[in-house]
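Structural overview for review
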Amino acid sequence: MFTEPNFKSYRGRLAPSPTGLLHLGHARTFWTAARRAEERGGQLIFRNEDLDSQRCRPEFVQAMMEDLRWLEIEWTEGPDCGGPVGPYTQSERRGFYLEAWRKLRDLGMIYPCTCSRKDVAQAAGAPNELDDEPVYPGTCRPASIVAGAARLRHRATAEAGVATCAAQDDRPAGVNWRFRVPDGEDICYTDLHLGPQRMIAGQDFGDFIVWRRDDVPAYQLAVVVDDAAMGITEVVRGADLLKSTARQILLFRALGWEAPDYFHCDLVRDSNGVRLAKRHDALSIRKLRELGWTAADLRPGDRVRQKFY
């Protein structure tokens, strides 16, 4: 058993993205998050991670809340019930993300990048199952951090085809912005479920996007800003995000914030060994409910494995 966080001020979170129906894997992860918060006498915060405007749908927001309540999961703060650190919907929190982006920019920790996903994939190879992007080859990376924030700002606006005035200089739109990782540094942390983890910056993962060219904050930056602002002390999520945790630890450090503890759940896979995704509609919570499954059937344990396989 690994060292547990201080139970007195425990704050966990549920952070689904309304891009589809929640599935069996979500049910088990969110149930684990709820159980850990309850056992520690803590609070559970619901956050609607709806930054992907192309895929997020209002009907999925309603569905995920209904499905989680059917699983007998309750939260103490969220978009439906409010709370002291709202708003609890990411699309309403842009100002928080911009403030963090400006801080990273002024520190010289991020730089503008014009590479497309295709460019990166061709240069670095495809990502593996436990990563969300290939290692960036450094095409747009400045020679050193000392290059200075002013030069980076002027380069960004020039590449975006915008006039370099003070107001426009303060906007991230038009190019991707990447976080410069400390090449060769070990990023180590102890996962409360899977044990000690070690990633090497620049090898296991490279410079990653914190702000997209379409003027949307990337996942890595948004969750770090929100977890810090909402006082999250432990993050419970799937093991496919182990490398994201290493990236986020670097962001917490760069922004001068303390990172939460992490508990990564084992991934749920289908009968062919493929981890579940929202495209597995047959294994969505909504579909399983229609087939007569109970909330207890979807929780971790032998009953789920017997029904599932």
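The sections below set out a description of the structure shown in this document. (Residues numbered from 1 in each chain as written. Predicted model: local features only at pLDDT ≥ 70, side-chain atom pairs only at ≥ 80, totals over all residues. Heavy atoms only, no water.)

A few points about the packing of helix α3 (residues 94–106) against helix α8 (residues 242–255)
Where α3 contacts α8, the axes come no closer than 10 Å and their chain directions differ by 80°. Between α3 and α8, the angle is such that the two are roughly perpendicular. Residues Ala100, Lys103 and Leu104 of α3 form the contact with α8, whose own contacting residues are Leu251, Ala254 and Leu255. Its residues assigned to classes, the contact of α3 with α8 shows five nonpolar, no polar and one charged. (Axes fitted to C-alpha atoms, helices over the stretch in contact; angles between N-to-C directions. Helix = DSSP H or I, 4+ residues; strand = E, 2+ residues; numbered from the N terminus. Parallel < 35°, antiparallel > 145°, perpendicular 65-115°, else oblique. Contact = heavy atoms within 4.5 Å. Nonpolar A, V, L, I, M, F, W, Y, C, P; charged D, E, K, R; others polar.)

Describing the nonpolar core
What tends to happen in soluble globular proteins is that the nonpolar side chains get buried as a cluster. Leu104, Phe179, Phe205 and Val210 are the most contacted members of the largest nonpolar core, which has 39 residues in total. Of all the secondary structure elements, the ones that give two or more residues to this core are α3, β4 (176–179), β5 (186–191), β7 (208–211), α7 (219–229) and α8. Here this core takes eight residues from α8, the largest share from any one element. Every residue in contact with Phe179, bar those within four places of it in the chain, is listed here: Leu104, Met109, Ile110, Asp207, Phe208, Val210, Leu250, Leu251 and Ala254. Residues Ala27, Phe30, Val61 and Trp293 belong to the second largest nonpolar core, which totals 29 residues. (Core = buried A, V, L, I, M, F, W, Y, C linked by side-chain atoms within 4.5 Å. Buried < 20%, exposed > 50% of the residue type's maximum accessible area, 1.4 Å probe, protein only.)

A look at the packing of α7 against α8
In contact at an axis separation of 10 Å, α7 and α8 are set at 60° when each is read in the N-to-C sense. Relative to α8, α7 is oriented oblique. Regarding α7 and α8, the two cross each other, and that crossing is right-handed. Side by side, α7 and α8 meet where Tyr219, Gln220, Leu221, Val223, Val224, Asp227 and Ala228 of the first sit next to Ser244, Arg247, Gln248, Leu251, Phe252 and Leu255 of the second. Among the residues making up the contact of α7 with α8, the classes are represented as eight nonpolar, three polar and two charged. (Left-handed = near helix turned anticlockwise from the far one by under 90°.)

A few points about the side chain of Asp191
As for its placement among the helices and strands, Asp191 is situated in strand β5. No salt bridge is formed by the buried Asp191; the nearest opposite charge belongs to Arg237, separated by 7.5 Å. Side-chain polar atoms of Asp191 contact the backbone nitrogen of His193, separated by 2.9 Å. Polar side-chain contacts of Asp191 include one of 2.6 Å to the backbone nitrogen of Leu194. (Lys, Arg positive; Asp, Glu negative; His and termini not counted. Salt bridge = Lys/Arg side-chain N within 4 Å of Asp/Glu carboxyl O. Polar contact = N/O pair within 3.5 Å; in protein donor to acceptor, adjacent residues only side chain to side chain.)

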